[in-house]
Structure formats: C-alpha cells, structure tokens
Amino acid sequence: MPKVNCPDCGRQIGMHELEAKTTAQSGGFSTRYRCPFCQTDMEDVTELMA
C-alpha cells in the first residue's frame, strides 16, 4: 500500500487512511485529502508519496 508523508506532522499515512473530499467544479472534479492525525489539507499527494 502506498504511503504519503504529511507535510506538517511528518507521519507516514497509508492512502486508505487519508480523508478525501471530492467537489464538482465547472471543469471537472477537485479532490482534497486530509491527514487523520493533524487535520492538514493536501491537494496533490503524488508529490508527498514516501
């Protein structure tokens, strides 16, 4: 399972542990992810992959 490094708390989080919120926009969809430990919002988790 891929892991993501949280930029604020530095923990490694499994992709299945992230809280995701997807919203519809005029050009498609936007998904934001949130760390379950420190509640930091992340937009692009691909650059934070461990």
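That block above? That's the structure.
Now for a quick tour of the structure. (Residues numbered from 1 in each chain as written. Predicted model: local features only at pLDDT ≥ 70, side-chain atom pairs only at ≥ 80, totals over all residues. Heavy atoms only, no water.)

Brief notes about the sheet that holds strand S3 (residues 19–25)
- Here we have three strands laid out as an open sheet, ordered S3-S4-S5, and antiparallel in their pairing. Edge positions in the sheet fall to S3 and strand S5 (41–42), since each of these pairs with one other strand and no more.
- Summarising the sheet, strand S4 (residues 28–34) and S5 pair through two bridges and their orientation is antiparallel. Bridge assignment links Arg34 to a residue of S5, and that residue is Asp41. (Pairing = 2+ DSSP bridges. Helix = DSSP H or I, 4+ residues; strand = E, 2+ residues; numbered from the N terminus.)

Thoughts on the nonpolar core
- Membership of the largest hydrophobic core is limited to eight residues, which are Val4, Cys6, Ile13, Leu18, Cys35, Met42, Val45 and Leu48.
- Discounting residues that sit within four places of it in the chain, Ile13 has contacts with Pro2, Lys3, Val4, Cys6, Leu18, Cys35, Pro36 and Phe37. (Core = buried A, V, L, I, M, F, W, Y, C linked by side-chain atoms within 4.5 Å. Buried < 20%, exposed > 50% of the residue type's maximum accessible area, 1.4 Å probe, protein only. Contact = heavy atoms within 4.5 Å.)

Quick notes on the environment of Asp41
- One can find Asp41 in strand S5.
- Residue classification places Asp41 among the partly exposed positions, given a relative accessible area of 40%.
- Through-space distance from the C-alpha of Asp41 to that of Pro2 is 18 Å; in sequence the pair is 39 residues apart.

Considerations on unusual backbone geometry
- Here Gln39, not a glycine, exhibits a phi torsion of approximately 65 degrees, which is positive.
- Tracing the backbone shows Gln39 in the loop between S4 and S5.
- Taking the relative accessible area as the measure of exposure, Gln39 reaches 40% and is therefore partly exposed.

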